[in-house]
Amino acid sequence: MPAIELHNLKKSFGPINAVDGLDLVVEEGVCLGLLGPNGAGKSTTMKMLTGQAIPDAGEIRVLGYKLPREAKQARAEMGVVPQLDNLDIDVTVEENLAVFARLYRVDDVPAAVERALEIARLTDRRKEAVDRLSGGMRRRLLLARGLVHEPRLLLLDEPTVGLDPQIRTELWTLIDGLRSRGTTILMSTHYIEEAERLADEVAVVADGRVIARATPKELIAEHAGEKTAEVYGPPDRLHEVRSAAEDAGLRVRSAGPAIAIVGAEMAGPGLVPHDAIHRAGSLEDVFVMLTGEEAE
Amino acid sequence: MKSAEGARTVRRLEPAVILAVMGRELANFRTFWKSTAFTSTFEPIVYLLAFGLGLGSTLVADVDGIDYVQFVGTGLVATAVVFSSALPAMFGTFVKERFQRTYDAILAAPVDVEELVTAEMLWIGLRSAIFGCFPLIVTMFFGLEPEPTMLLVPIFAFVTALAFSAFGITMAASVSKIDQFNYVTTLVITPLFLVAGTFFPIDQLPQGFQIAAQFNPLYQLVQLVRDACFGLEPVDALRFLGLLILAFVLWRIAIRRMTRRLII
């Protein structure tokens with residue numbers, strides 16, 4: 001039985017179609033990255049998975065429960081790590097965890113709190129109020145709070161958004177540990193590197209639906225090819241190179257101050273300038289080619 | 001990891017869930033209870049000194065045979081109840097929903113809006129029932145004789161606070177900006193407070209106000225508290241029933257409004 005099944009899911013806010021016919025199946029034990037630009041419908045999808053948003057149309061099954069009718073049962077077996085920090089900041093670290101252990105009706109609350117403290121590596125800070133913790137510690141606590149009841153499924157909504165690189169790497173290590181222990185994870189992100197490093201499979205979302213889905217390697221092979229050539233130079237020159245490549249049927253995208261010729265291994269002689277920088281095709285190339293958005 | 005087969009059955013209004021949500025409130029309350037308790041104790045003293053002793057020693061000696069200090073002191077129970085229920089419910093709910101995103105976190109757990117609202121109301125009701133007794137205790141130092149029927153006062157305060165907390169939660173779920181609470185305070189809370197019979201008997205007011213006061217839950221609470229202190233009357237059962245019905249109706253409205261706010 002898949003952990004998550006979404007069929008033809010739709011959700012509008014006035015004239016905006018936030019989710020527009022989204023289909024997605026996540027098998028148990030898989031870490032799936034929901035990769036998409038801001039406004040692609042990732043957070044709305046996450047909210048529908050917890051029953052905090054009701055779809056206008058479509059079907060949702062989570063851990064075998066039909067939502068939104070059985071959302072409460074489903075939530076009992078899933079953990080959620082939100083995008084925004086919503087910890088109780090005046091309360092101690094261990095009280096934050098204990099409150100949620102009780103909300104999840106965990107039988108042995110002290111044991112669950114101990115386990116979560118170890119996950120967050122905050123055992124020695126247990127008696128401190130949350131507002132005395134660093135940003136990284138608070139994020140770890142947020143993750144541990146979502147795991148306090150040992151959920152079968154973990155929803156991570158942009159787990160590292162706005163964090164500095166060091167804290168991000170810390171969290172990635174924690175999430176990777178969960179993944180290797182077999183916890184099913186659905187992680188929304190707009191960070192390419194995050195999806196590439198953590199996800200077994202990536203579903204690229206744009207305009208409220210999944211437009212591509214496979215392992216990062218497969219996505220790169222299918223949508224980016226083996227090599228990408230980055231060309232730098234003045235705008236006139238870039239325009240010239242771009243036109244020539246596109247006329248020859250190659251795909252070209254902007255890459256900051258440069259242009260990137262995607263699938264450069266297919267280029268005929270003279271199409272890729274000799275001073276171009278060659279690199280392997282990447283998930284970033286896939287993301288930009290499919291969504292038309294700049295990568296972060 | 002738990003299996004699907006081992007999953008607990010969930011149903012409506014689970015006591016364990018309601019207690020857990022209240023436990024969260026308690027954990028937070030422990031961080032600021034001193035200031036709240038100080039205000040709740042000090043305020044009735046100030047009112048008693050200003051109105052009770054001030055007016056009582058100069059203009060009004062007694063009202064219907066009740067010493068004026070005790071008349072005001074017993075009336076202040078209703079004041080304490082409304083200010084410790086409606087206002088925290090309005091501001092607390094709005095802040096937790098909009099700024100702290102606390103309800104997003106709670107509703108991601110197996111808790112539904114009905115349980116959330118019920119727990120918040122019960123917590124505020126319990127707090128108000130305790131704070132509502134403070135003016136009574138203070139008035140005892142001004143000569144109010146303890147009576148066994150006074151033990152009913154926390155129950156009266158609790159039920160009234162449930163109604164006002166539901167009202168506050170409903171308002172929080174209805175406004176888009178926190179400063180819109182000024183309208184609620186000015187147009188609803190203050191008038192209710194002024195025509196509750198706390199500082200003067202309402203039979204001094206024009207007849208229209210006297211009739212309107214009958215629909216004022218604060219007035220009914222003031223009467224219940226005074227009767228619990230100076231002698232209960234059969235009509236008090238009706239007053240209490242009215243407050244219970246009001247609390248129930250406002251509870252359902254609060255759930256409906258919060259559901260519309262929280263579940264998109």
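The shown structure was predicted, so the numbers you read here are calculated from the model rather than taken from an experiment. Along each chain, residues carry numbers from 1 onward, in the same order as the chain's sequence is written. By the order in which they are written, chains take letters starting at A while ligands take numbers starting at 1. This being a predicted model, a pLDDT of at least 70 is required before a residue's local features are given, and a value of 80 or more before pairs of side-chain atoms are given or counted; all residues contribute to the totals for chains, interfaces and linings.

A run of DSSP states H or I qualifies as a helix once it reaches four residues; a run of E qualifies as a strand once it reaches two. Both are numbered from the N-terminal end. Scanning chain B from N- to C-terminus turns up 10 helices and two strands. For chain B, the C-alpha radius of gyration of 20 Å lies close to 18 Å, the compact-globule estimate for 264 residues. Principal-axis analysis of the C-alpha atoms places the extent of chain B at approximately 70 × 35 × 35 Å. Looking at chain B as a whole, 46% of its 264 residues qualify as buried. Only C-alpha atoms enter the radius of gyration; for comparison, a globular chain is expected to reach 2.2 Å times N to the power 0.38, where N is the number of residues. Partly exposed residues are those falling between the two cut-offs: more than 12 but fewer than 20 other C-beta atoms within 10 Å of their own, whereas 20 or more means buried and 12 or fewer means exposed, with C-beta atoms placed from the backbone.

Scanning chain A from terminus to terminus reveals 10 helices and 14 strands. Residues counted as buried form 50% of the 296 residues belonging to chain A. Think of it this way: build a C-beta for each residue from its backbone, and any pair within 7 Å is a contact. For chain A, contacts bridging at least 24 residues in sequence account for 68% of all contacts bridging at least 6.

Under the domain assignment, chain A is made up of domain 1 (4-218) and domain 2 (225-280). For domain 1 of chain A versus domain 2 of chain A, the distance between C-alpha centres works out to 38 Å. Domain delimitation in this document rests on an assignment produced automatically or drawn from a domain database.

Here we take up the pairing of strand 1 (residues 4-13) of chain A. Residues and elements named next belong to chain A. One requirement defines pairing of two strands: DSSP has to find at least two bridges between them. With five bridges connecting them, strand 1 and strand 4 (residues 57-62) associate as antiparallel partners. Among the inter-strand pairings, Glu-5 is bridged to a residue of strand 4, identified as Arg-61. Here strand 1 pairs with strand 2 (residues 16-26) via eight bridges, running antiparallel. Bridging from a neighbouring strand, Glu-5 pairs with Val-25 of strand 2. In this antiparallel pair of consecutive strands, strand 1 and strand 2, the connection spans two residues, and Gly-14 shows a positive phi of 60 degrees.

Counting from both sides, the interface comprises 28 residues of chain A and, opposite them, 28 residues of chain B. Taken together, the elements giving at least two residues each to the side of chain A that touches chain B come down to helix 2 (71-76) and helix 3 (93-103) of chain A. No other element matches the five residues that helix 3 of chain A contributes to the side of chain A that touches chain B.

For the rest of this paragraph, the subject is the sheet that holds strand 7 (residues 153-157) of chain A. Residues and elements named next belong to chain A. Strand order in the open sheet formed by six strands is 6-7-8-3-9-10, and the pairing between neighbours is mixed. Every interior strand has two partners, whereas the edge strands, strand 6 (78-81) and strand 10 (209-214), have only one. Each neighbouring strand pair of the sheet contributes to a mean axis angle of 15 degrees, computed without reference to strand direction. Two elements, strand 3 (residues 31-35) and strand 9 (residues 201-206), share four bridges in a ladder whose sense is parallel. Of the residues in strand 9, the one forming a bridge with Gly-33 is Val-202. Axes, fitted as lines to C-alpha atoms, cover a helix only where it is in contact. Angles between the N-to-C directions of the axes lie from 0 to 180 degrees.

It is worth spelling out the environment of Ile202(B) at this point. Residue and element names in this part refer to chain B. One can find Ile-202 in the loop between helix 7 (181-194) and helix 8 (207-214). Given 20 C-beta atoms within 10 Å, Ile-202 falls into the buried group. Each C-alpha atom, one on Ile-202 and one on Leu-232, is 19 Å from the other, the two residues being 30 residues apart in sequence. Beyond its immediate stretch of four places on either side in the chain, Ile-202 contacts Val-195, Gly-197, Phe-209, Gln-210, Ala-213 and Tyr-219.

As a further point, take the environment of Gly75(B). All names here are of chain B. Note on placement: Gly-75 falls in helix 3 (residues 68-99). The sequence separation of Gly-75 and Asp-64 amounts to 11 residues, and the corresponding C-alpha distance is 14 Å. Setting aside anything within four residues of it in sequence, one finds Gly-75 in contact with Gly-197, Thr-198, Phe-199 and Val-222.

The next thing to look at is the packing of helix 3 of chain B against helix 5 (residues 113-140) of chain B. Residues and elements named next belong to chain B. Orientation of helix 3 relative to helix 5, taken along the N-to-C sense of each, is 155 degrees, at an axis distance of 8 Å. By the angle between their axes, helix 3 is roughly antiparallel relative to helix 5. In the packing of helix 3 onto helix 5, the handedness of the crossing is right-handed. We call Asp, Glu, Lys and Arg charged. Ala, Val, Leu, Ile, Met, Phe, Trp, Tyr, Cys and Pro are nonpolar, and the rest, Gly among them, are polar. Tallied by class, residues from the contact of helix 3 with helix 5 come to 13 nonpolar, nine polar and two charged. Note on angle classes: values under 35 degrees are labelled roughly parallel, values over 145 roughly antiparallel, values of 65 to 115 roughly perpendicular, and the remainder oblique. Helix crossings are classified by the rotation of the near helix relative to the far one: an anticlockwise turn of less than a right angle makes the crossing left-handed, while a clockwise turn makes it right-handed.

Residues and elements named next belong to chain A. Pairing is antiparallel across the open sheet formed by four strands, whose spatial order is 12-13-11-14. The sheet terminates laterally at strand 12 (251-255) and strand 14 (277-280), the two strands that pair on one side only. Ignoring which end each strand starts from, the neighbouring axes of this sheet average 30 degrees apart. Pairing geometry for strand 12 and strand 13 (residues 258-262), over five bridges, is antiparallel. Bridge pairing in strand 13 places Arg-253 opposite Ala-260. Each of strand 11 (227-231), strand 12 and strand 13 is contacted by helix 9 (residues 235-247), which is oriented at about 15 degrees to strand 13, the strand it contacts most.

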